[in-house]
Amino acid sequence: MLYQPTSAGPAWRFDFVLPDGAPVSVPTNSLRDVARRDGPGPVTILYDPRAPSRDVEIVGRPGLGALVGLGLVGLGLATLVR
């Protein structure tokens, strides 16, 4: 992932290789994708080579959002049991 300032604002470029060995470079201005890429280790990238005009999507790892969601489900179930 490389930072690329543009006239329209900040942007990033994801460079990766498809399983068949074809190199791909996709620009994005999505801060969500950049935040999901933060940290060491491999990342799952969803990309459709038949529709290269679509943006890439970085699959997030479970984190604080998952914990908060589970806590809310627990609170909801506790309310129903009462």
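Up top is the structure these notes are about.
Residues numbered from 1 in each chain as written. Predicted model: local features only at pLDDT ≥ 70, side-chain atom pairs only at ≥ 80, totals over all residues. Heavy atoms only, no water.

Trainee: Looking at this structure, how should I read the pattern of salt bridges?
Mentor: Scanning the model with the defined rule gives 1 salt bridge in all. When the shortest N-O distance is used, the salt bridge between Asp 15 and Arg 13 registers 3.0 Å. (Salt bridge = Lys/Arg side-chain N within 4 Å of Asp/Glu carboxyl O.)

Trainee: Honestly, the nonpolar core in this entry has me stumped. Any pointers?
Mentor: A general feature of soluble globular proteins is that nonpolar side chains tend to end up buried together. Listed in full, the 5 residues of the largest apolar core are Phe 14, Phe 16, Leu 18, Val 24 and Val 26. Listed by contribution, the elements that provide at least two residues to this core are strand S2 (9-17) and strand S3 (23-28). In contact with Val 24, other than residues within four places in its own chain, are Phe 14, Asp 15, Phe 16, Leu 18 and Tyr 47. (Core = buried A, V, L, I, M, F, W, Y, C linked by side-chain atoms within 4.5 Å. Buried < 20%, exposed > 50% of the residue type's maximum accessible area, 1.4 Å probe, protein only. Helix = DSSP H or I, 4+ residues; strand = E, 2+ residues; numbered from the N terminus. Contact = heavy atoms within 4.5 Å.)

Trainee: What is the right way to read the pairing of S2 from this model?
Mentor: A regular strand places its side chains on the two faces of the sheet in alternate fashion. Here strand S1 (residues 2-6) runs beside S2; their pairing, made up of 5 bridges, is antiparallel. Among the inter-strand pairings, Leu 2 is bridged to a residue of S2, identified as Arg 13. Counting the residues that bridge the hairpin from S1 to S2 gives 2 residues. Two strands pair when backbone bridges link them, and S2 and S3 are joined in this way by 6 bridges, in the antiparallel orientation. Bridge pairing in S3 links Phe 16 to Val 24. The turn linking S2 back onto S3 is made up of 5 residues, and Gly 21 within it adopts a positive phi angle of 95 degrees. (Pairing = 2+ DSSP bridges.)

Trainee: Help me understand the sheet that holds S2, please; the structure alone is not making it clear to me.
Mentor: Strand-to-strand pairing in sheets goes through backbone hydrogen bonds, with the strands running parallel or antiparallel. Taken in spatial order, the 3 strands make up an open sheet running S1-S2-S3, and their pairing is antiparallel. Edge positions in the open sheet fall to S1 and S3, since each of these has one partner strand only. Strand-to-strand twist of the sheet, defined as the mean angle between neighbouring strand axes without regard to direction, takes the value 25 degrees. (Axes fitted to C-alpha atoms, helices over the stretch in contact; angles between N-to-C directions.)

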